[in-house]
Amino acid sequence: MTISYNWLSEYLPVPVDPERLSRILTAIGLEVESMEPFEEVKGGLQGLVIGEVLEAVQHPNADKLRLTKVNTGTGEPLQIVCGAPNVAAGQRVVVATVGTTIYPATGDPLTMKVAKIRGEESYGMICAEDEIGLGSSHAGILVLPADAPIGTPAAEYFKPYTDIVYEIGLTPNRADAMSHWGVARDVCAYLSHHDKKDYRPSLPGNNIKPDGNSMPVSVTIGNAEACQRYSGVTVSGITVGPSPKWMQDRLKAVGVRPTSNIVDITNYIQHETGQPLHAFDYDQIAQQQVIVRNEAEGTPFITLDEKERKLSSSDLMISSPDGPMCIAGVFGGAKSGVTDRTKNIFLESAFFEPGTIRKTSFRHGLRTDAATRFEKGIDISNTLHVLKRAAQLVKEIAGGSIASDFVDVYPKPEPKKEVILKNQYLKKLSGKNYHPQTVKNILESLGFRIIKDSMDALSVEVPYHKRDVSLPADVVEEILRIDGLDNIEIPGAMTITPSVEDNYRAESLKQKLADALVGLGYNEILTNSITHSAYFGEAQLASSVRLLNNLSTELDILRPSMLPTALEVLSFNANRRATDLRCFEFGKTYSSRGTGQYIEQNHFCLYVTGSVQVQGWKGKAVAADSYYVKGIIDNLAALAGISTEWSSGGEADGLSNVLTLQAGQTTLGVLGQVSAAESKRFDLKAPVFVADINWDEFLKVALPVKIQYREVPRFPTVERDLAMIVPAAMPYENIRQQVGKLRLKTLKNVRLFDVFESEKLGAGKKSMAVNFTFLDEEKTLTDKEIDGWMQKIMGTLEKELGAEIRKQ
């Protein structure tokens, strides 16, 4: 929200310094995000002076240049070389002297220096209007009236408009502050409270009355829920043209481009009062009947931007008997809009239901200023008052007369809300003891009406412009704002009541694993749950959750997979030369069963690309691979106290060479390499390895496990190595599973430490060497016992896997 200091000051009863005003706005909850000077002419014409051309002769060395003498009122005339065809002696002109910086309408600023042009020195420049930002013409120098005073600063002569503009970060509930009038009301309430005076904002009066009723317009509301109030009036005999400079200056200051007096008036009123208006060409309203209704689904309608849009049956329209004229509260129509030929207009001031306007605005991609205000809720009591203010301005600026009575259709007047604020509650929530009269003064200055004042409570009637106020807490917030959010007292001591969290163990485990990964050099990432549907195939989209009112075409779906949003992060960093990445994320995916039931699934994911060990004096760089990620997952599972197994042949969207992680019969997740197609989509050159763990299933397995302390074994471990020849396609996991089925209590660890392939072993064969670690915590193991267990292992591998044991 942009606020003009000059404009706002017009409604304040006393002058307020811009810096103090900035502090006040932030203190009352209207946080000032920036405070910048505004200049109608960039640079403010500083350094430019009015001069008189005393002499203009042909340049001795150039046909198209003139050698001039210019009097700037500072002593000796300046010699200036000028290329303008219209320069002549006796002219009053704008001169940029040496050292002055000019700001052309287009291009970069230019600082004047002494220059030698074709052998003649030039001590400045005689300016054209586009060279100093006063216009766009470059046909010649700017020639001023003959009475322009010589030596006068150009800034003093032209008086370009200057202002200070504030960018205010409004929260969505503060629709009452989306106007200069609304901000002035808050500022006056603050000044009244802190300066101990009764300040009220002043809005220009409008005691305007109709000049006749020769051009009435009938108004019918067909959808009273979507349009709760509609006011209008006809103004005849207007002349469409430019708006006055003062209005254009204020609109430019708040970022609105002036177009014509009628459109500018509606924009001016909107920024002044917060009430959007719309002007129709009266002669384009069929039978002079305005009907507020919903049109049939698919009805074509051409808007002001000359685009044809298909209407929804949910869109509220301003129509005539001939069809729709305007999308209510959002955008006008091409046929009924005001043009240069318009002589009579019908002004509209209405209240439309916020939800209806927001849905229509997003549906058609029309995020207009009017829609933004309507969707937040405007002051329903203000439509007629603002309409009269606009009609008055139209008469003053565009001429004409009020040619109809003021129409005001209000089928079901909205009652004001009442809120009871207890003194004890105010003290509890604010932490301060307010005097009852102070509370009443603050609320009354904001427009609240005191209904009942008792010893322990205050009953107030909420003004219509405070649509977000409905609870006692809302009233407390209003009091705190005006007292100043910076004045909230911070107690010397704070007390809290400890609570027992149901998910304490789950959160503790999450933190434990996160800490372990951070210690291993991983970075946690947090990606957006809303992503682009183009990342997913038809199968995933069939059960996906789409957004109805997405903010952009690239954020239109709740992610059915964690992968694409993470790959965006990896791509962003990789393209900035951060190629060695180890990241993890806790997040959710979303899906729909198609019956209105939605599923949220928690995930724990690892993403690794590049090197996991950098090159150093002690060794070469080690690139990431699936084995590295698998080892990390195994260690994390062990940290959680669960034993896991891996199997090959799984499937996962966007991954290849997939391994499946299991704990008993429960599938916990998958591990794989990002497919070539996905890597290409995200411009990732190096391989990316991903582990996607179903966190919900992981918790079901891990939380029942009680991790207990065990004494360090007093007896030594014994290791045995076993080499075997197996089919080349056999994975090590098969060996581990077969050994596990023997359930040898003393077998503590099985580890593959060598793989060898050679033609000497036979076609399609390879050698695998496995280490077995035995331990009995009660005694020292004997060779006889260990040999017996090794015989069982070898027999099982030979029988079940067809392994050929290699003799040592």
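Residues numbered from 1 in each chain as written. Predicted model: local features only at pLDDT ≥ 70, side-chain atom pairs only at ≥ 80, totals over all residues. Heavy atoms only, no water.

### Some remarks on the overall build of the chain
How we decide: Numbering of helices and strands runs from the N terminus; a helix is a DSSP stretch of H or I covering at least four residues, while a strand is a stretch of E covering at least two. Based on C-alpha atoms, the radius of gyration is set beside the globule rule, defined as 2.2 Å times the residue count to the power 0.38. Three exposure classes are used, based on accessible area relative to the maximum for each residue type with a 1.4 Å probe and protein chains only: buried under 20%, partly exposed in between, and exposed over 50%. We call two residues in contact whenever any of their non-hydrogen atoms come within 4.5 Å of each other. All accessible-area figures derive from a Shrake-Rupley calculation using a 1.4 Å probe, and residue coverage is judged against the displayed protein chains alone. Counting rule for charge: Lys and Arg are taken as positive, Asp and Glu as negative, and neither His nor the chain ends is counted. Charge coordinates come from a single atom per side chain, which is NZ of Lys, CZ of Arg, CG of Asp or CD of Glu.
When helices and strands are tallied, the chain shows 20 helices and 44 strands. Relative to the 2.2 N^0.38 estimate, which gives 28 Å for 808 residues, the radius of gyration of the chain is 39 Å and therefore markedly larger than a compact globule would have. Principal-axis analysis of the C-alpha atoms places the extent of the chain at approximately 120 × 90 × 65 Å. Across the 808 residues in the chain, those meeting the buried criterion constitute 47%. For the chain, restricting intrachain contacts to residue pairs at least 6 apart in sequence, the fraction spanning at least 24 positions comes to 69%. Carbon and sulfur atoms make up 49% of the accessible area of the chain, which totals about 41,200 Å². A distance of 5 Å separates the average location of the 87 positive side-chain charges in the chain from that of its 100 negative side-chain charges.

### Focus on the sheet that holds strand β39 (residues 666–674)
Stated precisely, the cut-off is as follows: A strand pair is defined by DSSP finding two or more bridges across the two strands.
The strand order across the open sheet formed by seven strands is β29-β33-β34-β40-β39-β38-β37, and the pairing between neighbours is mixed. Whereas interior strands pair on both sides, the edge strands pair on one side only; in this sheet they are β29 (523–524) and β37 (645–648). The pairing of β37 with strand β38 (residues 655–663) spans four bridges and is classified as antiparallel. Residue Ser648 lies in a different strand from β38, and its bridge partner there is Leu659.

### A short note on helix α6 (residues 261–273)
For the record, the criterion: By this rule the span expected of a helix is its residue count minus one, scaled by 1.5 Å.
Taking 1.5 Å as the rise per residue, α6 with 13 residues should run 18 Å; its terminal C-alpha atoms sit 18 Å apart, in good agreement. Of all 13 residues that make up α6, 11 are buried, and the element is covered over most of its length. When we look at burial in α6, the residues that qualify are Asn261, Ile262, Asp264, Ile265, Thr266, Tyr268, Ile269, Gln270, His271, Glu272 and Thr273. Trailing α6 by a residue or two, Gly274 shows a phi angle of about 85°, which is positive.

### Brief notes about the pairing of β38
Where β37 folds back onto β38 in an antiparallel hairpin, the turn is made up of six residues, including Gly649, whose phi is positive at roughly 95°. Where β38 lies against β39, seven bridges are found, and the strand directions are antiparallel. Bridge pairing in β39 places Ala663 opposite Thr666.

### Some thoughts on the environment of Ala27
Relative to the assigned elements, Ala27 resides in helix α2 (residues 18–27). For Ala27, the contacting residues outside a window of four places in its chain are Tyr190, Arg481, Gly484, Leu485 and Asp486.

### Examining the pairing of strand β4 (residues 66–71)
In this structure, strand β3 (residues 48–58) lies alongside β4, joined through six bridges in antiparallel fashion. Residue pairing for β4: Ala56 is matched across the bridge by Thr68. Relative to strand β5 (residues 78–82), β4 runs antiparallel, the two sharing five bridges. Looking at the pairing, Thr68 lines up with Ile80 of β5.

### Notes on the packing of helix α11 (residues 436–445) against helix α12 (residues 472–483)
Rules: Under this scheme, a helix contributes an axis fitted over its contacting stretch, all axes are lines through C-alpha atoms, and angles between N-to-C directions fall in the 0 to 180 degree range. To sort the angles, those under 35 degrees are grouped as roughly parallel, those over 145 as roughly antiparallel, those from 65 to 115 as roughly perpendicular, and the leftovers as oblique. Under the scheme applied, nonpolar residues are Ala, Val, Leu, Ile, Met, Phe, Trp, Tyr, Cys and Pro; charged residues are Asp, Glu, Lys and Arg; polar residues are all the others, including Gly.
Close contact between α11 and α12 brings their axes to 10 Å; oriented N to C, the two are set at 95°. Taken together, the axes of α11 and α12 lie roughly perpendicular to each other. Here α11 contributes Val439, Ile442 and Leu443 to the contact with α12, which in turn contributes Val475, Glu478, Ile479 and Ile482. For the contact of α11 with α12, the residue count by class is six nonpolar, no polar and one charged.

### A look at the layout of surface pockets
Counted only if it meets this: Each cavity reported here is a set of points on a 1 Å grid over the protein atoms alone in which a 1.4 Å probe fits but cannot get out, each pocket an open set with protein on both sides within 12 Å along at least five of seven lines, and each lining residue one with an atom within 4 Å of a point. Grid points are joined across faces, edges and corners, and a volume is the space filled by probe spheres set on the points.
Empty space within the largest pocket amounts to approximately 1,600 Å³. In terms of lining, the largest pocket is formed by 39 residues, of which the most central are Thr644, Tyr732, Glu733, Arg736 and Val750. With eight residues, the single largest contributor to the lining of the largest pocket is helix α16 (residues 626–639). Residues of the lining of the largest pocket, tallied by class, amount to 16 nonpolar, 12 polar and 11 charged. Taken as a whole, the second largest pocket holds about 700 Å³ of empty space.

### Section: the packing of aromatic side chains
A ring pair, where both rings are aromatic, is described by two values, the distance of the centres and the angle of the planes. Quick reminder of the rule: Two aromatic rings, drawn from Phe, Tyr or Trp (for Trp, its six-membered ring), form a pair once their centres lie within 6.5 Å of each other, and the interplanar angle then sorts them: stacked below 30 degrees, edge-to-face above 60, tilted otherwise.
Summed over all chains, the structure comprises 13 aromatic pairs. Look at Phe586 and Phe604: their rings are 4.6 Å apart centre to centre, the planes differ by 10°, and that puts the pair in the stacked class. Of this pair, Phe586 sits in strand β33 (residues 581–592) while Phe604 sits in strand β34 (residues 598–609), and the two are 18 residues apart along the sequence. Phe586 sits in the buried class, given a relative accessible area of 12%. The class for Phe604 is buried, based on a relative accessible area of 2%.

### What about the state of the cysteines?
The criterion, for reference: Any two cysteine sulfur atoms within 2.5 Å of one another count as a disulfide.
For the structure on display, the rule yields zero disulfides. With no disulfide partner, Cys82 has as its closest neighbouring cysteine sulfur the one in Cys127, 9.4 Å distant. Sulfur of Cys583: no disulfide; nearest cysteine sulfur belongs to Cys605 and is 12 Å away.

### A look at the packing of helix α13 (residues 504–519) against α16
As a reminder, the rule being used: Each crossing gets its hand from how the near helix is turned against the far one by less than a right angle, where anticlockwise is left-handed and clockwise is right-handed.
At a minimum axis distance of 10 Å, the contact between α13 and α16 shows a crossing angle of 140°. What the angle tells us is that α13 and α16 run oblique. The element α13 and its partner α16 pack so that their crossing is right-handed. Touching Lys512, Leu513, Ala516 and Leu517 of α13 are Ile632, Leu636 and Leu639, all from α16. Classifying every residue of the contact of α13 with α16 by side-chain character gives six nonpolar, no polar and one charged.

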